[in-house]
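# Structure assessment
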Amino acid sequence: MERRYNGSAWHDRFLPRLTSSEVQALPKEEALVVLPIGAVEQHGSHLPVYTDTLLAETVLDEACKCLPEQYAVWLLAPMPYGISSEHSGRAGTISLSIPTLQGVLMDIAQGVRESGFRRLLLFNGHGGNSALLNLMAREVRLKTGLMVFCLNVGGLTIEEGLITEKERLLGIHGGDYETSLIMASYPEWVREERLGAEYPRLEEHSRYLRFQNAGFAWTIDDVSESGILGDARTASADKGKLLYERQGRQVADILMELTSFEIGKLRQQ
């Protein structure tokens, strides 16, 4: 039988593998619990609708390969659904409502706190989740006392030369970056004969508005006919492997720092 949770991250750091008594006995003072959050939504005609969840899982897996054993980082089961309303109406998109995701996040956080942990990282693979996760991080902090962190796969540093500047600004959905990563991790899920390219005409019509900042409300139907934003034709598995290697190290460094971060030390005494 094919087994899903293979690899060092899911063998050594997957919290649900442990029994209740084993979880209770874990040292909690410097432990970090990580909740990967993705989405099920259209990614054009070449990528699976599971792309954003795969990205959250695989980037974390790569990061865990770089983590020294002594760092207490524990992964929860990935959440495969998120806020994908901007892709509503496109086949394969399954979106949670805002109240549903808020409730699920709070319930999970309560369980993390009741298990004795102090730190929770919301590790997000889908840009459409970001605003709500930032809002909920504060709500969870207020209601549970947990230290709560947010980290977005799409916000990780991409070294110069790997992705063009145009792709950085406009290639935010199904373009070079996402396609390269999935080519490197799940090549059999990519329909390479259907790779395409489409960019919105944003720079022609605004000096200031961008997807990353100075934002505006949009749906995929506002900005794309094909359902993608970017150029998937320039993607490659080799590029994806480099991205995994470099971003995995970056995430590992962040995870290590979070295990010792103490929010109570930020105030001047």
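Calculation rules
- Residue positions are given per chain, counting from 1 as you read along its sequence in written order.
- For this predicted model, a pLDDT threshold of at least 70 governs which residues receive local features, and a threshold of 80 or more governs which side-chain atom pairs are given and counted, while totals over whole chains, interfaces and linings are taken from all residues.
- To obtain the side-chain values, all non-hydrogen atoms of the structure were used and water was disregarded.
- Comment: axis = line fitted to C-alpha atoms, over the contacting stretch for helices; angle = value between 0 and 180 degrees taken between N-to-C directions.
- Put simply, DSSP marks the helices as runs of H or I at least four residues long and the strands as runs of E at least two long, and each gets a number from the N terminus on.
- Reported orientations rely on four angle classes, namely roughly parallel under 35 degrees, roughly antiparallel over 145, roughly perpendicular from 65 to 115, and oblique for the rest.
- Take the far helix as your reference; a near helix turned counterclockwise from it by less than a right angle gives a left-handed crossing, and one turned clockwise gives a right-handed crossing.
- Pairs of residues are marked as contacts when any of their non-hydrogen atoms sit within 4.5 Å.
- Residues are grouped as follows: nonpolar covers Ala, Val, Leu, Ile, Met, Phe, Trp, Tyr, Cys and Pro; charged covers Asp, Glu, Lys and Arg; every other residue, Gly included, is treated as polar.
- Exposure is judged per residue with a 1.4 Å probe applied to protein chains only, and the accessible area is read against the type maximum: over 50% gives exposed, under 20% gives buried, and values in between give partly exposed.
- When DSSP locates at least two bridges between a pair of strands, those strands are taken to pair.
- Looking down the strands as they point away from the viewer, one classifies a crossover as right-handed if the path from the first strand across the helix to the second runs clockwise.
- Ring geometry is summarised as follows: Phe, Tyr and Trp rings, the Trp one being its six-membered ring, pair when their centres sit within 6.5 Å, and such pairs are stacked at plane angles under 30 degrees, edge-to-face over 60 and tilted between the two.
- Whether a charge lies above a ring is judged from NZ of Lys or CZ of Arg, which has to be within 6 Å of the ring centre and within 35 degrees of the ring normal.

## A closer look at the packing of helix α3 (residues 51-65) against helix α7 (residues 176-185)
- Viewed as axis vectors pointing N to C, α3 and α7 meet at an angle of 65 degrees, and their least axial separation amounts to 10 Å. Viewed along their axes, α3 and α7 adopt a mutual orientation that is roughly perpendicular. Remark: the crossing between α3 and α7 carries left-handed chirality. Residue-level inspection shows Thr51, Asp52, Leu54, Leu55 and Thr58 of α3 in contact with α7, the latter providing Glu178, Leu181, Ile182 and Ser185.
- Of the residues contributing to the contact of α3 with α7, the split by class is 4 nonpolar, 3 polar and 2 charged.

## Some details on α7
- Summarising burial for α7: 8 of the 10 residues are buried, a large majority.
- If you check which residues of α7 are buried, you get Asp176, Tyr177, Glu178, Thr179, Ser180, Leu181, Ile182 and Met183.
- Buried residues along α7 sit against α3, α6 (165-170), β6 (230-231) and α10 (237-258).

## What about the environment of Gly145?
- Along the chain, Gly145 falls in the loop between α5 (130-144) and β4 (147-152).
- Owing to a relative accessible area of 40%, Gly145 belongs among the partly exposed residues under this scheme.
- Sequence-wise, Gly145 and Lys65 are 80 residues apart; in three dimensions their C-alpha atoms are separated by 30 Å.

## Concerning the pairing of strand β1 (residues 32-37)
- Burial analysis of β1 places 6 of its 6 residues in the buried class, which makes it a mostly covered element.
- As judged from the 3 bridges shared by β1 and strand β2 (residues 73-75), these two strands associate in the parallel manner. Within the sheet, the bridge partner assigned to Val33 lies in β2 and is Trp74.
- With α3 bridging β1 and its parallel neighbour β2, the resulting β-α-β unit is right-handed.
- Relative to strand β3 (residues 119-124), β1 runs parallel, the two sharing 5 bridges. Note on β3: the bridge partner recorded for Ile37 is Asn124.

## Thoughts on the packing of aromatic side chains
- A complete count under the given rule lists 6 aromatic pairs for this structure.
- Judged by centre distance (5.0 Å) and plane angle (55 degrees), the rings of Tyr186 and Trp189 are tilted.
- Residue class for Tyr186 comes out partly exposed when judged on its relative accessible area of 25%.
- Residue classification places Trp189 among the partly exposed positions, given a relative accessible area of 31%.
- Between Phe211 and Phe216, the ring centres sit 5.7 Å apart and the planes meet at 35 degrees, which makes this aromatic pair tilted.
- Take Phe211: its relative accessible area is 16%, and that puts it in the buried class.
- For Phe216, a relative accessible area of 28% translates into the label partly exposed.
- Chaining the aromatic ring pairs together yields one cluster made of Tyr50, Tyr186 and Trp189.
- A cation over an aromatic ring shows up here: Lys28 above the ring of Phe117, its NZ or CZ 5.2 Å from the ring centre.

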